[in-house]
Amino acid sequence: QVQLVESGGGLVQAGDSLRLSCAASGRTFSTYAVGWFRQAPGKEREFVAAITWSPGITQYADSVKGRFTISRDNAKNTVYLQMNSLKPEDTAVYYCAARSGSGLLAREFLYDYWGQGTQVTVSS
């Protein structure tokens, strides 16, 4: 069993940066792939980024490539999402999720564990 808690969201202006954290409990967290997803008002939840447990292969949605960076610290049971050059269209609730395996990282239905989400609001 894995429990996930997101933090780091907030209200920022366009062009600013934020770093989201996803803290996990559970001894096997370091063996899970972790993804970030987001859901904007009135829209479906969408994939943002993911990282495998080892060797830490990453994958990004086209909309965030070059601006967002996902990383993990297995010793701290934490995954980070560094978000730079934020845009108003990045406004959403951001969720982290964990799963076993390393394929099809963008597929939401393959993730077994989800956090409660953290709000990110980017003003223009």
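Residues numbered from 1 in each chain as written. Predicted model: local features only at pLDDT ≥ 70, side-chain atom pairs only at ≥ 80, totals over all residues. Heavy atoms only, no water.

Draft legend 1. Quick look at the packing of aromatic side chains. Applying the stated rule across the entire model yields 5 aromatic pairs. Summarising the aromatic geometry, the rings of Phe-37 and Phe-47 are spaced 5.7 Å apart at their centres and angled 70° between planes, so their arrangement reads as edge-to-face. Residue Phe-37 is found in strand E4 (residues 33–39), and its partner Phe-47 is found in strand E5 (residues 46–51); the two are separated by 10 residues along the sequence. Taking relative accessible area as the criterion, Phe-37 reaches 0% and is therefore assigned buried. One aromatic cluster is present, built from ring pairs that chain together Phe-37, Phe-47, Tyr-111 and Trp-114. Across the ring face of Trp-114, the terminal group of Arg-45 is positioned such that the distance to the ring centre comes to 3.9 Å. Above the ring of Tyr-111, the side-chain terminus of Arg-99 is found at 5.6 Å from the ring centroid. (Phe/Tyr/Trp six-rings, centres within 6.5 Å; stacked < 30°, edge-to-face > 60°. Helix = DSSP H or I, 4+ residues; strand = E, 2+ residues; numbered from the N terminus. Buried < 20%, exposed > 50% of the residue type's maximum accessible area, 1.4 Å probe, protein only. Lys NZ or Arg CZ within 6 Å of the ring centre and 35° of its normal.)

Draft legend 2. Examining the state of the cysteines more closely. Using the criterion set out here, one finds 1 disulfide in the structure. Disulfide pairing is shown between Cys-22 and Cys-96; the S-S distance is 2.1 Å. Sign of the S-S torsion, about 65° for the bond between Cys-22 and Cys-96, identifies this disulfide as right-handed. Of the two residues, Cys-22 is situated in strand E3 (residues 18–25) and Cys-96 in strand E9 (residues 92–99); the sequence distance between them amounts to 74 residues. Taken individually, Cys-22 and Cys-96 each receive the classification buried, so the pair is uniform in this respect. (Disulfide = S-S within 2.5 Å.)

Draft legend 3. Summary view of the sheet that holds E3. If you walk across this open sheet you meet the 4 strands as E1-E3-E8-E7, and the pairing is antiparallel. Taken across any chain shown, the strands that pair with only one partner, and hence form the sheet edges, are strand E1 (3–7) and strand E7 (68–73). For this sheet, the mean angle separating the axes of adjacent strands, direction not counted, is 15°. In this structure, E7 lies alongside strand E8 (residues 78–83), joined through 6 bridges in antiparallel fashion. By the bridge assignment for E8, Ile-70 is matched with Leu-81. (Pairing = 2+ DSSP bridges. Axes fitted to C-alpha atoms, helices over the stretch in contact; angles between N-to-C directions.)

Draft legend 4. Fine view of the pattern of salt bridges. Evaluated as defined, the whole model comprises 5 salt bridges. The salt bridge partner of Arg-38 is Asp-90, with a shortest N-O separation of 2.9 Å. One end of the pair, Arg-38, is in strand E4; the other, Asp-90, is in the loop between E8 and E9, with 52 residues separating them in the sequence. The two residues Arg-38 and Asp-90 agree in class, both being buried. The closest approach of N and O atoms between Lys-65 and Asp-62, which form a salt bridge, is 3.2 Å. Asp-62 sits in the exposed class, given a relative accessible area of 65%. Taken together, the salt bridges that share partners define one network made up of Arg-38, Glu-46, Arg-67 and Asp-90. (Salt bridge = Lys/Arg side-chain N within 4 Å of Asp/Glu carboxyl O.)

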